[in-house]
Amino acid sequence: MSEQPVTAIVDRVRTKLDALESTLEGIHGIRATAQSPDGRIAARVDGTGALADLRLEEAACRMDARELAASILTTVHAAAEAAAAQRVALVDDLRGALR
């Protein structure tokens, strides 16, 4: 095999590796936030959908425990869905770069 095809192969591999590294950086940088409709609860998740921050307004502490729990879960779920959408976009871009 001549040096020219090998160089081309190495260049394609490097390009694909760069795309993968960029995607991983993007996933690590994802932060998604959601707020409850009443504004009492705000949740922020990371790129994996794990809860990174939860903020409760004072009024939330006066809610019924079951209502509060349901609102927290709904808000965290909304933030996790937003993070998932960001991950999907990054992975779709990666798929395009790997073709």
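Note: the structure precedes this text.
Throughout what follows, the structure given in this document is the object of discussion. (Residues numbered from 1 in each chain as written. Predicted model: local features only at pLDDT ≥ 70, side-chain atom pairs only at ≥ 80, totals over all residues. Heavy atoms only, no water.)

1. Thoughts on the environment of Glu-25
Rules: Runs of E in the DSSP output that reach at least two residues are strands. Runs of H or I that reach at least four are helices, and both are numbered from the N terminus.
Tracing the backbone shows Glu-25 in helix H1 (residues 3-29). Spatially, the C-alpha atoms of Glu-25 and Leu-56 are 30 Å apart, while their sequence positions differ by 31 residues.

2. Considering the pairing of strand E1 (residues 31-35)
Using the following cut-off: Working definition: with a 1.4 Å probe on protein chains only, accessible area under 20% of the residue-type maximum means buried, over 50% means exposed, and in between means partly exposed. Strands qualify as paired when DSSP identifies two bridges or more between them.
Only one face of E1 is covered, namely the one carrying Ala-32 and Ala-34; the face carrying Arg-31, Thr-33 and Gln-35 has none of its residues buried. When E1 meets strand E2 (residues 41-46), the two strands line up antiparallel, connected through 5 bridges. Paired with Gln-35 across the bridge in E2 is Ala-42. Once E1 ends, the chain turns through 5 residues before running back antiparallel as E2, passing Gly-39 with a positive phi of about 75 degrees.

3. So, the sheet that holds E1
Just so we agree on the cut-off: Axis angles are defined between N-to-C directions and span 0 to 180 degrees, where every axis is a line fitted to C-alpha atoms and, for a helix, only to the segment in contact. In this description, contact between two residues means that some pair of their heavy atoms is separated by no more than 4.5 Å.
Within the open sheet, the 3 strands sit side by side as E1-E2-E3. Their pairing is antiparallel. The open sheet has two edge strands with one neighbour each: E1 and strand E3 (51-56). The sheet shows a mean angle of 15 degrees between the axes of neighbouring strands, direction not considered. The sheet contact formed by E2 and E3 spans 5 bridges and is antiparallel. Of the residues in E3, the one forming a bridge with Ala-42 is Arg-55. Against the sheet, helix H2 (residues 65-98) touches E1, E2 and E3, its axis set at about 35 degrees to E2.

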